[in-house]
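What the coordinates show
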Amino acid sequence: MGLVGTAAVRDPGGAALPRGFWAAVRVWLEKPQVANRRLSGAAVQAEGTVPLGEGREIPPSFAAAGAGGDGERQEGGAAGAAELGRLWREVRGQLHLPPPLTAWGEPGELRAVLRTLLPRGRPAAPPTRELAVQDVCNGTVTFLPLEENSEGKYLVKKCNIYQIQLKHIKDEEWSISVVAPFPEDWFSDGIAYPKLAWLGNELLPKLAKWSVEQKPSEFKSTLSLISVAKYSKVYQDLKEKYKEMVKVWPEVTDPEKFVYEDVAIATYLLILWEEERKEKGLTKKQSFVDLGCGNGLLVHILNNEGHSGRGIDVRRRKIWAMYGPETHLEEATIIPGDSHLFPDTDWLIGNHSDELTPWIPVIAARSSYSCCYFVLPCCFFDFHGKYSRRQSKKTQYREYLDFVAQVGSVCGFHVEEDCLRIPSTKRVSFVGKSRTYAAAERAGIDQRITQFINARRTCAVATRDTRAGFNHEDRGLCKEGGSEPPEDETETAGTVWMPGFQPREKVEQIRNCASLPRDFVDEVVLNVANLLLNAAPQKSCTDKQGGNMNAWNQGESLSLREVAEHLNKETLKKLKSEYGGLQTLLKNNHQVFEVLNGRVHIRDWRKEKPPSKTKPEVKRRLSAEAFKTRLCWFFIHHPDGCSLPSEACPYAHGTEELRQSQIIKKKKHIQ
């Protein structure tokens, strides 16, 4: 009675446990949203050691207990530590841990964590406070829900107490259990406290997995520089405020991804800037310039929220016209140099700013001593063009991030790294808001920046020459310390900092195979499909339709290389002029092909999953509008016809089934 669930855990070699268990507990304490999707996070107010014995006082070190066990940001500071001490004095007299909970050890010290669980969504449910008590000696962590009474004192909500236990069975065998003393009285609010079965069926397996698979992350924890509690509230407010943008989005990009991503970035900056104003005693809201602002939504939100600033991009977007005169956007080309400095601007922003990304710390450093920057790197660019890898021990992304951080350090910034909560694989950002040098030393820093930029350029030339067969080892070009800039570059450094810098083109070239002639694409698709269908040995799938056994030829799978070898030189030459080439063309024709792990397959529509009921409304609407608006390739070209009956196939079986596309009509109406 009271046992919610137990998971067996093996620790080969004994390298992970018990340390891995406490790391897993730490994840549940600080990032409960990774397991419970109805939470947006947890705010840890304070933590520290607390006495177990009744007569013992709070230890002197407790007053400073604000730092997490692994250096995470705590939200309460000294005030939170003081509150934790008061709470412990109030609740420890209420505590008697009945079986099956493991009682805390002999009089000594425990570690307590005071946290607030933050619900997701609107209307937001009230946050829940909780005291987690870790007994390392006995391998337990006990979660004590707290309720505030009319007198302002906290009581333990005993019906929802639960404990996570680690036990060593023998050798490599361990077990992790979740127990609750009063399962019959458990109250589930569906948010902070799901049903007890969820703890056993969902949380417990995750804890067991994390305990033995804990690997040190190469990235910072999410939102480590700001208050998670503030972020959760402001994000929900802004998401509600700007949600209509999804419905009127005129660009071809995914509206949900871009709208909510920019809402999240705006939320982060608003809180970061609010905390900066408190730290520096400022009353006026910070000004900004967003370099490479793209669709301009981030600028629009920041302007609306009271920050003066503008966005600059080489190419105007259709959506700019929808924002109104209060949103300041400029169509211009940024060439890093003395003509593009911003001495009266507080912050420079680089949100997926491509070729400008490494230049933003440089522009900030040279604009003024007080100018700060925020950069969210995406595509990999150096000062002179595409970034070239120099290490194989790191991922390309981590190596590039280290380079961007190095640029900030060379420019004299205290560079802080953080991980944003956005729907993107590139979530790591850098903040430079303070300097490592005095204002009088700017000239020396500026010279160091120039040498660093020129050394990067020289090294890139050396790398290209080495690949071409030249040897520059004796010239010492690629050393970290850099080399003196050539005379001609020193002379031009006063105007353009990198002669030959290539900004993005004003007119975006479409090179994703979409501009290829339709007849050419159809011919390649037919040739590749016949190649797969006629490849030996053939694979057949048996399908049951209406009680009859029909063999439908699914063909063979071939690697992209094998497919390319069967295409003529002129076709390959035409494809190579497009980004992605053959693979992009095949993926664009997803009705016919499936490209997985570098191999090309004929798509079998019988294996496709039915549309999810939880699919976003916009995507569901687009799918419905596209239904039967294109002819079925299999119905026309496949020797066995379509594998689906007409009523189940999203494509038209013959011209009589064709519907007019509503999507085209809407796009024309918007334009």
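Everything quoted here is computed from the prediction, not taken from an experiment. (Residues numbered from 1 in each chain as written. Predicted model: local features only at pLDDT ≥ 70, side-chain atom pairs only at ≥ 80, totals over all residues. Heavy atoms only, no water.)

This part covers the packing of aromatic side chains. Going through the model one piece at a time under the given rule, you end up with 24 aromatic pairs. Pairing Phe21 with Trp22 gives two aromatic rings, centres 5.0 Å apart and planes at 70 degrees, and the pair type is edge-to-face. For the pair Tyr387 and Phe403, a centre-to-centre distance of 5.3 Å together with 35 degrees between the ring planes defines the contact as tilted. Residue Tyr387 is found in the loop between strand S13 (372-376) and helix H10 (396-410), and its partner Phe403 is found in helix H10; the two are separated by 16 residues along the sequence. Just as Tyr387 is buried, Phe403 falls in that class too. Note that Lys574 overlies the ring of Phe520, its terminal NZ or CZ placed 4.7 Å from the centroid. Its end group placed over the ring of Trp605, Arg603 keeps NZ or CZ at 5.9 Å from the ring centre. (Phe/Tyr/Trp six-rings, centres within 6.5 Å; stacked < 30°, edge-to-face > 60°. Helix = DSSP H or I, 4+ residues; strand = E, 2+ residues; numbered from the N terminus. Buried < 20%, exposed > 50% of the residue type's maximum accessible area, 1.4 Å probe, protein only. Lys NZ or Arg CZ within 6 Å of the ring centre and 35° of its normal.)

Before going further, it helps to examine the pattern of salt bridges. In this structure the tally under the stated criterion is 26 salt bridges. For Asp237, the salt bridge identified is with Lys233, shortest N-O distance 3.1 Å. You can see Asp237 and its partner Lys233 sitting in helix H4 (residues 228-241), 4 residues apart, about one turn around the helix. Asp237 sits in the partly exposed class, given a relative accessible area of 30%. Among the ionic contacts, a cluster of salt bridges with common partners joins Arg26, Glu30, Glu47 and Arg111. (Salt bridge = Lys/Arg side-chain N within 4 Å of Asp/Glu carboxyl O.)

What follows deals with the sheet that holds strand S19 (residues 593-596). Read across the open sheet, the 3 strands follow the order S18-S20-S19; overall the sheet is antiparallel. Bordering the open sheet on either side are strand S18 (558-559) and S19, each of which pairs with just one other strand. Alignment of S19 against strand S20 (residues 599-602), held across 4 bridges, turns out to be antiparallel. Across the sheet, the residue bridging to Val595 is Val600, located in S20. (Pairing = 2+ DSSP bridges.)

With that settled, consider the sheet that holds S13. Ordered in space as S11-S10-S9-S12-S13-S15-S14, the 7 strands form an open sheet in which the pairing is mixed. Of all the strands in the sheet, the pair left with one neighbour each is strand S11 (329-331) and strand S14 (413-419). Sheet twist, expressed as the mean angle between neighbouring strand axes with direction ignored, is 20 degrees. By the bridge criterion, 5 bridges tie strand S12 (residues 347-351) to S13 in an arrangement that is parallel. (Axes fitted to C-alpha atoms, helices over the stretch in contact; angles between N-to-C directions.)

This part takes up the UniProt feature "zinc finger region: C3H1-type" (unreviewed entry) in the protein chain. In the numbering used here, UniProt assigns the feature "zinc finger region: C3H1-type" (unreviewed entry) to residues 626-656. What you have in residues 626-656 is 19% helix and 0% strand, and the ends, taken at the C-alpha atoms, are 16 Å apart. (UniProt positions renumbered as here; feature names shortened; annotations may be inferred.)

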